[in-house]
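This is what each chain is made of:
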Amino acid sequence: MNSFPIEDFQGVSTPFYYYDVALLRRTLAELCARSPRGSVVHYALKANSNRALLRVIAAYGLGADCVSGGEIALAVESGFAPGKIVYSGVGKTDREINMALSVGIGCFNVESVAELGVIDALAADAGVIAPVAIRVNPHIDAHTHHYITTGLSENKFGVDISQIPDVVEYVMRLSHVRLRGVHFHIGSQIVSMQPYETLCATINKLQDDLESRDVKMDYINVGGGLGVDYEDPDRHAIPDFASYFDTFSLRLKMREGQILHFEPGRSIVCQCGTLIARVLYVKEGLNKSFVIVDAGMTDLMRPALYQAKHKIENITSRGPERVYDVVGPICETSDSFGSAIMLNEAQRGDLIAIRSAGAYGESMASRYNSRDLPGVLLSE
Ligand SMILES: *Cc1c(COP(=O)(O)O)cnc(C)c1O
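None of the values given here were measured: they were computed from a predicted structure.

### A look at the domain arrangement of the protein chain
Along its sequence, the protein chain is organised into domain 1 (6-14 + 271-378) and domain 2 (21-269). Taken together, the contact between domain 1 and domain 2 spans 21 residues of the former and 23 residues of the latter. For the domain 1 and domain 2 pair, buried surface summed over both sides reaches about 2,000 Å², with 54% attributable to carbon and sulfur atoms. Contact with domain 2 buries surface across domain 1, with Gln271, Cys272 and Tyr360 losing the most and accounting together for 35% of the total.

### A short note on the packing of aromatic side chains
Applying the stated criterion across every chain yields a total of 14 aromatic pairs. Between Phe4 and Phe9, the aromatic rings sit 6.3 Å apart at their centres with planes inclined by 45°, giving tilted as the arrangement. Among the residues examined, Phe4 registers a relative accessible area of 12% and is labelled buried. When the centroid spacing of 6.1 Å and the interplanar angle of 75° are considered together, the rings of Phe4 and Tyr18 count as edge-to-face. With Phe4 in the segment before helix H1 (6-9) and Tyr18 in strand E1 (residues 16-19), the pair connects residues that are 14 residues apart, well separated along the chain. Aromatic rings pair up to connect Tyr196, Phe241, Tyr244, Phe245, Phe248 and Phe262 into one cluster.

### Regarding the site of the ligand
The environment of the ligand is made up of 15 residues, and the closest members are Lys46, Ser188, Glu263, Arg266 and Tyr360. Between the ligand and Lys46 there is a distance of 2.7 Å, counted from an oxygen atom to a side-chain nitrogen or oxygen. Contact between the ligand and Asp65: a nitrogen atom at 3.1 Å from a side-chain N or O atom of the residue. Calculation on the ligand without its partners gives an accessible area of 390 Å², and the protein chains cover 94% of this total.

### A word on the state of the cysteines
The bond known as a disulfide is covalent and runs between the sulfur atoms of two cysteines. Evaluated as defined, the whole model comprises zero disulfides. Counting only cysteine sulfurs, Cys272 is the nearest neighbor of Cys270, a cysteine outside any disulfide, at a range of 8.4 Å. Taking the relative accessible area as the measure of exposure, Cys270 reaches 0% and is therefore buried.

Criteria and cut-off values
- Residues numbered from 1 in each chain as written.
- Predicted model: local features only at pLDDT ≥ 70, side-chain atom pairs only at ≥ 80, totals over all residues.
- Heavy atoms only, no water.
- Domains from an automatic or database assignment.
- Contact = heavy atoms within 4.5 Å.
- Buried area = accessible area lost by both parts, 1.4 Å probe.
- Phe/Tyr/Trp six-rings, centres within 6.5 Å; stacked < 30°, edge-to-face > 60°.
- Buried < 20%, exposed > 50% of the residue type's maximum accessible area, 1.4 Å probe, protein only.
- Helix = DSSP H or I, 4+ residues; strand = E, 2+ residues; numbered from the N terminus.
- Near = heavy atom within 4 Å.
- Polar contact = N/O pair within 3.5 Å; in protein donor to acceptor, adjacent residues only side chain to side chain.
- Areas by Shrake-Rupley, 256 points an atom, 1.4 Å probe, with all protein chains shown as cover.
- Disulfide = S-S within 2.5 Å.

Right, here's the structure in full:
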């Protein structure tokens, strides 16, 4: 059972990403309806920076969360308001900082004291004042894969929460940066609200502490990370934005005049994207059967990089179900989309749908093995 427009797929060369733009619009409408009044939602471009999708997202009035100069340029070209662009990343180059200053972005999410000094100097050269927030590492375990958890003390992101009062004092002495507030991003594919509840408590405590030192902030950015259902994308096509936003509305003690900022990426684009591949060969091994498809880790890296599991369907065959390992053609053992997968009986030429591939799919594609990048087909 699937609802893919298979007729439209005939003649399109595989592999390609198919994006259901109507689902993206429904997701954005739900997100906008559920986000707290007065808050600003910045779409994290690194999840998917396909230009057609960016234009759709920008049209809903979202801001952008960028992690490179290239993403800032793309965000501006795609219609995101420069004042609603925020810029994160531990290794911003001088060139990228200058570009962000000339575009007039809304806020630099600064990750170190060294970076603050460089932004201050470059802003002075440009004769402008740079708006900054300090990215705080709050030591919160997001209970997600260790490669996508970002808020633990041993990883490279942000300034340790114990150092924040000192760093804030340092910022106040700089002449060409204006401290707007604090930024957090504790990880990705977070499916329980508990880490976010802990984050709220941490922010409340930090705010009390900074307030007692007479620090005024107008910007509280809680980052992204809301997870999606990779196992059952049809049942949960739109993530539970209500629980997510309500957690912050209920638990965060916002001060007068403060604006709450969010940076979701995956939860906006994941379920609208599917990687469509074609079966090249069915290979009967000694103990298992392999379905070898023409898509590989160069098209969708998540299984190889994060041991991620995506739902896989044979959308051509109506044959009885059989158990297969679904693998790609790349010369790496990690180039596998899943083992012991139940698929309708496969044969050469069948189309295979790898679901929930809209986030960190196309944007991570590479040309390893001198392969072509995957194609793209939009539903409209
Ligand atoms: C990647 C990233 C996001 C988006 O994360 P998702 O899990 O895709 O929602 C938000 N903020 C920052 C700083 C990021 O690096």
